[in-house]
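Report on the structure
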Amino acid sequence: MAPGELPGVSYAHDQVPNTAYLKSASSTYQPVQASQTPPERKSSHWNPWTWEIANCFLLLVSLFAILATLYPHDGQPLPQWPFSITINALLSIYAVVMKASMLLILTSGIGQLQWSWFLHSRPLKDVARYRDAASGPIGSLSWLCKYHVRQPLTALAALIIIAAVAVDPFIQQLTKPVDCKRFENDDLPASIPRTNYLSYDTNSFPSDLLGSLASGFYTPQNLSDFTCGTGNCTFDAEYSSLAYCSVCEDVSASTKIDERCTVYQDGKLKLGSCYESELPKGASISEYNLTTTVTAANTPVSLNYHWEFDFQSGRVATPKENVFGVGRVPRRLDTTSPNNTINAISLGNDLALILPKTDYSFTPYDPNGDGNRTGCADAASNNTWWCRQWGAATCSLQPCVRSYTADVESGRLREKLVDQSKANSTWGYGESPSSEGIIVLQNYLAVVDTKCINDAERKELLGAGYAVDTNTRWLPYNVTFDPRVGTPADAAFPQSLLAHECLYIMDASFVDDIWTYILSQFISGVVEREYPNGAHQPSYSGPTQLLSLFDSSHVDEENINNALGRLADAMTLWIRTHGHASHSKRAVGQEYHNSICVKVNWDWVALPAVLTGLTLLFFLLTVISTYRQRLPIWKGSPLTFLFHGPGGMTWVDSNLVAANVKPDRVADLTTDRGMQEFANNITSNGCEDIM
């Protein structure tokens, strides 16, 4: 081995490595020192960073590709792409490109920063530390543990490499499948019946109404006359319809009880106390006359409980006793409204429901058998109708307007009541005008939805003397036109109120006839109790609806309210499907299919976005630092230590490198490219001397 020769290195042309040669145009070899300063080249400082700049662009493209892929699909059904490619598969591809671009930039930057580090005397082992830091998170963590932030840019790159481990799981957390609705654009949209006007022919009472009410009184009825082609529809827009409403109130506290009892003593009858504990010794109550009275619509309604025992025969003289009753009180027309603007009428009837007082014992016994009433030991329950053995309530059942939203799922309709006019509110009362000398005897009840009207209609109403304000939605209105006549969409006021579906009208005669022919027989009367042949178990008789409501003395205000509510709902369903054909435009909804949609969790994009920004910042600062320190751009090339060892160019003998370059070219060993050109003509067998 010649002096200065490195083991395992062979040279071109079998030259003795004493001098580096450059081939001239005359094909002779001129000796040139390898450490000679090459001629100056004019090139952009950014040229050596071309590959890193390209990866910066690729890094940004991958981030924006993630955002561009997710944004249009957020909340939308899973995309159906060719070859069954999923959105997560595409995101994984973006993540691979992002990490690869990011790590290439960081690796090049760390490699370049080591030359700044070696501007000062450093341990040679730091070469390996820098190499490890650029190779992965473990090496980066090791570098941070050793030097912390002594080289801030290297520390920043190490932190980014460590944090980049979490990029993949963060990308996967960006999306998750959720149940959603895929709406259809159908020429026949979903629809639900509603009406603005219920007309009524007094000569033809609806025969199917009684059956609808009878069914609805016992079991809640469901609207079946809706259309939904897919079986899944939504009616998000609020819609309103003419309806019936009920409201009940427990008036037991204001109930009056008149007590009249006859006492039998020493063979004589006389008036006395109704409480056995207050009777003289040897006296017994022969007759109870207990009258329970409540007031409904300013009218008293009473139910008498009468029980009599004949001491001569030793038998009960009154086999049947009134134990529950429902009375009807018609409401009256009131024309005392302010300024006579509205003919206010409080519609319908009030009901008085009475569970009369029938017993004066201090221990409540069960009227259905032996023993005391159950569930009355707790002080909180002692004031219930069941425990105190009596009670009373008043109810109103009358026209109203109800507003809904709805959903249809798997063919089942679910309506949500959003708002309604009060069940005991007043309505306007008007008459249709005469036509061609013919007097039309038709009266109308009407109310305007002020939430629906436009500014022009509001101005007209104010001009007519109606008190329109934002706090009152349902405004009584006196109809002055015939709603049975067709109303065009561009009709002028007041017909525009009906054309815009803001006016709700009901023939007044319907309200009267519904009570006269149906409700007066359907939900009024008395339930009687008797103990046949001295039996302990009583039997009850009376109208079927009242027997159901009475429920063997278990009736209370809650049961009454529920029953009247079911009755009002049944009437509402009938009205919505029997409105006037010209003023019963159906509410329109949207059909949809159940689907799986993409839900984007945008918070998870923070880490990839932050790491992208920090990587670009790191690259920019590395380039600026290199330029300011006038360092050669060697990056992480291992050739640097062969040509520029720790001692500079003298690290290797100046005659070691044999330059087999192209004619008329000068070797530039200060650049990575120049070193690679030289190294390409040098072969090495590093293991030759070991074997």
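Scoring rules and cut-offs
Residues numbered from 1 in each chain as written. Predicted model: local features only at pLDDT ≥ 70, side-chain atom pairs only at ≥ 80, totals over all residues. Heavy atoms only, no water. Helix = DSSP H or I, 4+ residues; strand = E, 2+ residues; numbered from the N terminus. Buried < 20%, exposed > 50% of the residue type's maximum accessible area, 1.4 Å probe, protein only. Contact = heavy atoms within 4.5 Å. Areas by Shrake-Rupley, 256 points an atom, 1.4 Å probe, with all protein chains shown as cover. Disulfide = S-S within 2.5 Å. pLDDT = per-residue confidence, 0-100. Salt bridge = Lys/Arg side-chain N within 4 Å of Asp/Glu carboxyl O. Phe/Tyr/Trp six-rings, centres within 6.5 Å; stacked < 30°, edge-to-face > 60°. Lys NZ or Arg CZ within 6 Å of the ring centre and 35° of its normal. Axes fitted to C-alpha atoms, helices over the stretch in contact; angles between N-to-C directions. Left-handed = near helix turned anticlockwise from the far one by under 90°. Nonpolar A, V, L, I, M, F, W, Y, C, P; charged D, E, K, R; others polar. Parallel < 35°, antiparallel > 145°, perpendicular 65-115°, else oblique. Pairing = 2+ DSSP bridges. Arc of directions from axis to C-beta.

**As for the overall build of the protein chain**
A tally of helices and strands in the protein chain yields 16 helices and 25 strands. The buried share of the protein chain, taken over its 691 residues, is 45%. By sequence separation, contacts in the protein chain at least 24 residues apart represent 72% of the contacts at least 6 residues apart. Just so you have it, the protein chain exposes about 36100 Å², and 53% of that area is on carbon and sulfur atoms.

**Brief notes about the state of the cysteines**
Taken as a whole, this structure holds seven disulfides when the rule is applied. What pairs with Cys180 in a disulfide is Cys597, and their sulfur atoms sit 1.6 Å apart. Where Cys180 bonds to Cys597 through sulfur, the torsion about that S-S bond is close to 75°, and the disulfide is right-handed. Of the two residues, Cys180 sits in strand β4 (residues 175-183) while Cys597 sits in strand β24 (residues 587-600), which places them 417 residues apart along the sequence. For Cys597, a relative accessible area of 1% gives the class buried. For Cys376, the disulfide goes to Cys387, at an S-S distance of 2.1 Å. On the S-S bond that ties Cys376 to Cys387, the torsion sits near -95°, and the link is left-handed. Of this pair, Cys376 sits in the loop between β15 (349-355) and α8 (385-388) while Cys387 sits in helix α8, and the two are 11 residues apart along the sequence. Like Cys387, Cys376 is buried.

**Overview of the confidence of the model for the protein chain**
Per-residue pLDDT for the protein chain averages 82, and the proportion of residues at 70 or more is 83%. The low-confidence segment residues 333-346, where pLDDT is below 50, has 34 contacts with residues more than four positions distant or belonging to other chains. Within the model, pLDDT remains below 50 along residues 656-661, and this stretch shows 20 contacts once partners closer than five positions in the same chain are excluded.

**Side note on the pattern of salt bridges**
Scanning the entire structure with this criterion turns up 18 salt bridges. Across the salt bridge formed by Asp482 and Arg484, the nearest N and O atoms sit 3.0 Å from each other. Judged by relative accessible area, which is 24%, Asp482 ranks as partly exposed. Under the relative-accessibility criterion, Arg484 is labelled partly exposed at 34%. Overlapping salt bridges, with partners in common, bring together Glu238, Asp419, Asp449, Lys451 and Arg473 in one network.

**Looking at the packing of aromatic side chains**
Tallied over the full model, the rule gives 23 aromatic pairs. Geometrically, the ring pair formed by Tyr264 and Phe311 is stacked, given 4.4 Å between the ring centres and 5° between the ring planes. In this pair, Tyr264 sits in strand β8 (residues 256-265) while Phe311 sits in the loop between β11 (299-310) and β12 (315-316), placing the two residues 47 residues apart along the sequence. The exposure class assigned to Phe311 is partly exposed, which follows from its relative accessible area of 29%. Clustering of aromatic rings is evident, with ring pairs tying together Tyr264, Tyr288, Trp307, Phe309 and Phe311. Between the NZ or CZ atom of Lys146 and the centre of the ring of Tyr147, over which it lies, the distance is 5.9 Å. Across the ring face of Trp390, the terminal group of Arg388 is positioned such that the distance to the ring centre comes to 4.8 Å.

**What to know about the packing of helix α7 (residues 208-218) against helix α13 (residues 557-576)**
Contact pair α7 / α13: the axes reach a minimum separation of 8 Å and the direction vectors enclose 145°. For the element pair α7 and α13, the recorded crossing hand is right-handed. Between α7 and α13, the contacting residues are Asp208, Leu209, Ser212, Leu213, Gly216, Phe217 and Tyr218 on the first element and Ala563, Arg566, Leu567, Ala570, Met571 and Trp574 on the second. Counted by class, the contact of α7 with α13 contains nine nonpolar, two polar and two charged residues.

**Some points on the packing of helix α4 (residues 137-147) against helix α5 (residues 152-163)**
Two elements in contact, α4 and α5, have axes whose closest approach is 8 Å; the angle formed by their N-to-C orientations is 140°. It follows from the interaxial angle that α4 and α5 lie oblique. Helix-helix and strand crossings are classified by hand; for α4 and α5 the assignment is left-handed. Contact with α4, carried on its side by Pro137, Ser140, Leu141, Trp143 and Leu144, involves Thr154, Ala155, Ala158, Leu159, Ile161 and Ile162 of α5 and no other residues of that element. Of the residues that constitute the contact of α4 with α5, the class distribution is nine nonpolar, two polar and no charged.

**A short note on the sheet that holds strand β9 (residues 268-272)**
Strand order across the open sheet formed by five strands is β9-β8-β10-β11-β12, with antiparallel pairing between neighbours. Edge positions in the sheet fall to β9 and β12, since each has one partner strand and no second. Pairing between β8 and strand β10 (residues 284-296): nine bridges, direction antiparallel. Looking at β10, one finds that Val263 is bridged to Ile285.

**Let's talk about α7**
An α-helix turns once every 3.6 residues. As a result, residues three or four positions apart point the same way. Turning to α7, its buried residues number three or more, namely Leu209, Leu213, Gly216 and Phe217. Taken around the axis of α7, the buried residues stretch over an arc of 105°, which confines them to a single face. The inward-facing, buried residues of α7 contact α11 (508-522), α12 (544-550) and α13.

**Overview of the environment of Thr572**
Topologically, Thr572 is positioned in helix α13. Between the alpha carbons of Thr572 and Leu242 there is a distance of 7.4 Å; along the sequence they are 330 residues apart. When neighbours within four sequence positions are excluded, Thr572 is seen to be in contact with Leu242, Ala243, Tyr244, Arg402 and Tyr404.

**Structural notes on the pairing of β10**
With 10 bridges joining them, β10 and β11 adopt antiparallel strand pairing. For Thr295, the partnering residue across the bridge sits in β11 and is Pro300.

**With respect to unusual backbone geometry**
Across the junction of Phe493 and Pro494, the peptide omega takes the value 5°, indicating a cis bond. Mapped onto the fold, Pro494 is located in the loop between β20 (474-476) and α10 (495-499). Despite not being glycine, Asp266 shows a phi value in the positive range, around 55°. The topology assignment puts Asp266 in the loop between β8 and β9. Residues other than glycine seldom take positive phi values, yet Ser410 does so here, at roughly 55°. Mapped onto the secondary structure, Ser410 falls in the loop between β16 (391-409) and β17 (412-420).

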